[in-house]
Amino acid sequence: MASAYYEFYRGSSVGMALTDSLDELITSGSITPQLAMKVLQQFDKSLADTMVKLVKNKTALRGHLHTYRLCDDVWTFILKNASFKLDSAELVSASKIKIIACKNGDAIESSASKR
């Protein structure tokens with residue numbers, strides 16, 4: 001499997017900055033498009049691994065489920081009038097949120113190796 005990690009972190013501000021920088025390097029001839037793809041794949045893997053290893057906070061979530069869907073092992077939930085109660089007992093509210101939930105890279109790789 002060429003890339004066992006999801007690419008949605010590329011849409012973050014850090015991911016967009018990396019993509020823009022890689023585009024500039026390709027345009028100037030400093031790197032090849034193949035190298036840029038390898039860098040993006042490593043970014044996907046590193047960010048996913050970091051989230052799994054370092055993010056340990058928990059939150060309680062309440063809201064009204066507006067929409068949900070499952071496609072390619074990725075769950076998407078849209079909640080309205082959502083509130084999060086953080087570990088610190090702080091309450092954060094939003095009129096609408098979107099949650100994307102997927103298997104982590106280890107789960108993807110293990111399910112791919114069983115095929």
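Each remark here, short or long, concerns the structure printed above.
Residues numbered from 1 in each chain as written. Predicted model: local features only at pLDDT ≥ 70, side-chain atom pairs only at ≥ 80, totals over all residues. Heavy atoms only, no water.

Considerations on helix H2 (residues 33–54)
Side chains that are three or four residues apart share a direction in an α-helix, a result of its 3.6 residues per turn. Compared with an ideal rise of 1.5 Å per residue, which puts 22 residues at 32 Å, H2 spans 31 Å between its outermost C-alpha atoms and is within 8% of the ideal. Among the residues making up H2, those that are buried are Ala36, Leu40, Phe43, Asp44, Ala48 and Asp49. Buried residues along H2 sit against helix H1 (13–28). (Helix = DSSP H or I, 4+ residues; strand = E, 2+ residues; numbered from the N terminus. Expected span 1.5 Å × (residues − 1). Buried < 20%, exposed > 50% of the residue type's maximum accessible area, 1.4 Å probe, protein only. Contact = heavy atoms within 4.5 Å.)

Considering the side chain of arginine 10
With respect to the element layout, arginine 10 can be found in the segment before H1. Apart from residues lying up to four places away in sequence, arginine 10 is in contact with Gly15, Met16, Met37, Leu40, Gln41, Phe43 and Asp44.

Structural notes on the packing of aromatic side chains
Enumeration according to the criterion identifies two aromatic pairs in this entry. Aromatic pair tryptophan 75 and phenylalanine 77: ring centres 5.6 Å apart, planes at 10 degrees, arrangement stacked. Phenylalanine 77 sits in the partly exposed class, given a relative accessible area of 24%. Taken together through their ring pairs, the aromatic side chains of Tyr68, Trp75 and Phe77 make up a single cluster. (Phe/Tyr/Trp six-rings, centres within 6.5 Å; stacked < 30°, edge-to-face > 60°.)

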